[in-house]
Amino acid sequence: MKLKKILDKYGEPDGMFFSFEKNKFYCFWGFEDTFSIYENESNKNSKLDKLQATLDTWKNNSNDISAIGFFSYDSKNLFFPHLNLNKSKSTVPLVWFGKPTIVKTIDRSEILNIVPQKVNIDKSKDIQEKKYYKEKIDTIKKYLYKGDVYQINYTQPMEYQFDSGSPFNLYLKLFQTAEPEFGCYLNIDSNQFISMSPENFFTKINSQISSYPIKGTRKRSDDIIKDQQLIKDLIHSEKDKAEHVMIVDLIRNDLGKICKYNSVNVDELFNVKSYNTIHHMVTKIHGELKANIKEKDIFKALFPGGSITGAPKQRAIEIIDEIENYSRGIYTGSMGLITNSGNMIFNIAIRTLTLNNKIITYPVGGGIVWDSNHEDERLEAIQKSKILS
C-alpha cells in the first residue's frame, strides 16, 4: 500500500488535505516557511496585506502546492474591524499558512483502507441540557422577532479527553467513519486540527469560482425505506428550504462583490447529498471573477461563510458574539490550499475538532429560524456529535 510505505519512510505527516479531485489527497511534511496572525498582535489588521505578499512569494517559488492553512472563525475580527467584536480567547491563530517542504499524493482509498493504530477518547463535557438550550433559542428568537436577523447559527463546544494514541491516527479513524469529501488534518506547534467537513466553502480554478453551502440536515437510517423517506422529508421541508435559500442569497451577494456583473448563477437549488451518517441540502453558486482579484480579496468578500453565521451576516456575527460563551477557534473557519497558479480550494471547518494538551474541543450547532424547536435543534446537534461516539 502506497500510504503505508510513505508513512514508513517519512513518519506521520504534518498535514493531509483534500484536493481539486474527489479521490486525490495530499500529504505534507515540514514547512519551508510559515505565516501567522494572532489575536494579541497590535498590528494584526495590517497583516492581511503581508499575507498576500507572502503568498505571492511562495507561489513564485513552488512547483504545485504553494500554501496550506486556515482562517479561524475568530479572524472575523480582521474582516470587520468596524464592529465591536469579542477578542479571541482561543490558543488557535487567527490565520495560519505554511509553505510545505515535502508533498506526496495518495488516493482516497488509501486512507479508507489503512489500519489505524488504536486511540482512546472520553467525553468530558456534553452539550447543554434542554432548559439551557431553550433559553438560548428564545434569546435568538427575540432578535428574529425584532427583524435584526432572519437566521442565526448557534453553536456550543463539547470536550473530550484524549487518553492515548496519536492525533493522526484519530484523523484516520474518523475519516474511515465519516468518509468526508473535504476532510483534512493539520499539525502546528501545540495544536492539531482534524476536520471531517462535507462542505466546500469555495473552489477557484483560473477565473471561475464556486461555492456549495450546506444548510438542512437529516440523520441517516439503516432501514433503506426509512432512509429514502428522510431524504423526501428534507426535500419537502419548508423550514429547511427557507433556511437554505437565505444562505444561498447571502453567498450569491458575497460572490457578487468579486465577480463580473451578471456572472453569478445558482445551480441545483435544494439538492440533497447523502453521507455516511447524514443527509445534507446543498446548492451550487458560481461566477466569473473580475480581473486582478487576489486571495485576500476573495476572503474579504466571503469570510466567514454564510452557512455558519446566519443572515444578514454582520448582525448575525454580533449576535453570535453575545450568545456564545466561547471562542470558536478553527471551528466554522476555513481550511484549504493554494497552488502556484493561484487556484484555491477551501472547506467550511464544520465537523472539526482542535486537540491541545490532550483536550479535544469539538463544537456542534445549527441554524436557528423563527419556527425552530429547541428540542429538535438540540437533537440535531447531538446527531452531529455522533462521529466521536
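Residues numbered from 1 in each chain as written. Predicted model: local features only at pLDDT ≥ 70, side-chain atom pairs only at ≥ 80, totals over all residues. Heavy atoms only, no water.

### Focus on the side chain of Thr332
For the record, the criterion: Strands here mean DSSP runs of E at least two residues long; helices mean DSSP runs of H or I at least four residues long; both are numbered from the N terminus. Only heavy atoms matter for contacts: two residues are in contact if any of them lie within 4.5 Å across the pair.
Position of Thr332 relative to the elements: it lies in the loop between helix H10 (313–323) and strand S15 (334–339). Not counting the four nearest positions on each side in its chain, Thr332 is found in contact with Tyr73, Ile308, Ala349 and Ile350.

### Details of the side chain of Ser211
Worth spelling out the cut-off: Polar contact is the term for a pair of N or O atoms within 3.5 Å; when the atoms are in protein, one must be able to donate a hydrogen and the other to accept it, and sequence-neighboring residues count only if both atoms are side-chain atoms.
When you line up the elements, Ser211 lands in strand S10 (residues 208–211). Among the polar contacts made by the side chain of Ser211, one reaches the main-chain carbonyl oxygen of Phe201 at a distance of 2.6 Å. The residues touching Ser211, leaving out its near neighbours within four places in the chain, are Asn200, Phe201, Phe202, Ile251, Thr283, Lys284 and Ile285.

### Section: H10
To keep it simple, the criterion reads: Relative accessibility decides the category of a residue: with a 1.4 Å probe and only protein chains considered, values under 20% of the type maximum give buried, values over 50% give exposed, and everything between is partly exposed.
Of the residues making up H10, those classed as buried are Lys313, Ala316, Ile317, Ile319, Ile320, Asp321 and Ile323. On its buried face, H10 is in contact with helix H3 (76–79), helix H5 (130–146), strand S6 (151–164), helix H8 (238–256), helix H9 (295–302) and strand S14 (310–311).

### Looking at the pairing of S10
Remark: a regular strand shows side chains that alternate across the two faces of the sheet. Applied cut-off: One bridge is not enough; two strands pair if DSSP finds at least two bridges between them.
Of the strand pairs in this sheet, strand S9 (residues 200–205) and S10 are connected by three bridges, and their pairing is antiparallel. Pairing of Ile205 across the sheet is with Gln208, part of S10. Note that S10 and strand S13 (residues 278–288) share four bridges and pair antiparallel. Counterpart to Ser211 in the pairing with S13 is Ile285.

### A word on the packing of H5 against helix H11 (residues 374–385)
The line we're drawing: Lines fitted to the C-alpha atoms define the axes, with helices restricted to the stretch that makes contact. Angles between their N-to-C directions range from 0 to 180 degrees. We call two directions roughly parallel when the angle between them is under 35 degrees, roughly antiparallel when it is over 145, roughly perpendicular when it lies between 65 and 115, and oblique otherwise. Throughout, a crossing is termed right-handed when the near helix is turned clockwise from the far one, and left-handed when it is turned anticlockwise from it by less than a right angle. Put simply, Ala, Val, Leu, Ile, Met, Phe, Trp, Tyr, Cys and Pro go in the nonpolar bin, Asp, Glu, Lys and Arg in the charged bin, and everything else, Gly too, in the polar bin.
It is the contact of H5 with H11, at a shortest axis distance of 9 Å, that shows an interaxial angle of 110°. On the basis of the axis angle, H5 is roughly perpendicular to H11. As H5 packs across H11, the resulting crossing turns out to be right-handed. Counted together, Lys130, Tyr133, Lys134 and Ile137 of H5 and His374, Glu375, Glu377, Arg378 and Ala381 of H11 form the full contact between these two elements. Looking at the contact of H5 with H11, its residues break down into three nonpolar, one polar and five charged.

### A look at the pattern of salt bridges
Formally: A pair is scored as a salt bridge if a Lys or Arg side-chain nitrogen falls within 4 Å of a carboxyl oxygen belonging to Asp or Glu.
Counted according to the given criterion, the structure contains 26 salt bridges. A salt bridge links Lys241 to Glu238, with the shortest nitrogen-to-oxygen separation between them at 3.7 Å. One end of the pair is Lys241 and the other is Glu238, both in helix H8 and three residues apart, which spans about a single turn. Between Lys260 and Glu288 there is a salt bridge; the shortest N-O distance is 3.1 Å. With Lys260 in the loop between H8 and strand S12 (265–274) and Glu288 in strand S13, this residue pair connects regions lying 28 residues apart in the sequence. We classify Glu288 as partly exposed; its relative accessible area is 28%. The network of salt bridges with shared partners includes Asp56, Lys59, Lys294 and Glu295.

### Some thoughts on the pairing of strand S16 (residues 344–347)
Alternating positions in S16 separate into two faces, Met344 and Phe346 on one and Ile345 and Asn347 on the other, with burial throughout. Strand direction decides the pairing type here: S9 and S16, joined by four bridges, are antiparallel. Looking at the pairing, Thr203 lines up with Ile345 of S16. For S15 and S16, the ladder comprises three bridges, and the chain directions are antiparallel. Residue Leu337 lies in a different strand from S16, and its bridge partner there is Ile345. Between S15 and the antiparallel strand that follows it, S16, lie four residues; Gly342 among them carries a positive phi value of about 90°.

### A word on helix H7 (residues 224–235)
Let me state the cut-off plainly: An expected span of 1.5 Å times one less than the residue number is assigned to each helix. The reported arc concerns the directions from the helix axis to the C-beta atoms and nothing else.
Its twelve residues place the ends of H7 17 Å apart at the C-alpha level, agreeing with the 16 Å of an ideal helix rising 1.5 Å per residue. Along H7, the residues that are buried comprise Asp227, Leu230, Ile231 and Leu234. All buried residues of H7 fall inside an arc of 100° around its axis, so they share one side. Facing away from the buried side of H7 by more than 90 degrees, the exposed set consists of Ile225 and Lys226. For H7, the elements touching its buried residues are strand S11 (214–219), H8, S12 and S13. The opening residue of H7, the one whose side-chain oxygen lies 2.9 Å from the backbone nitrogen of Ile225, is Asp223.

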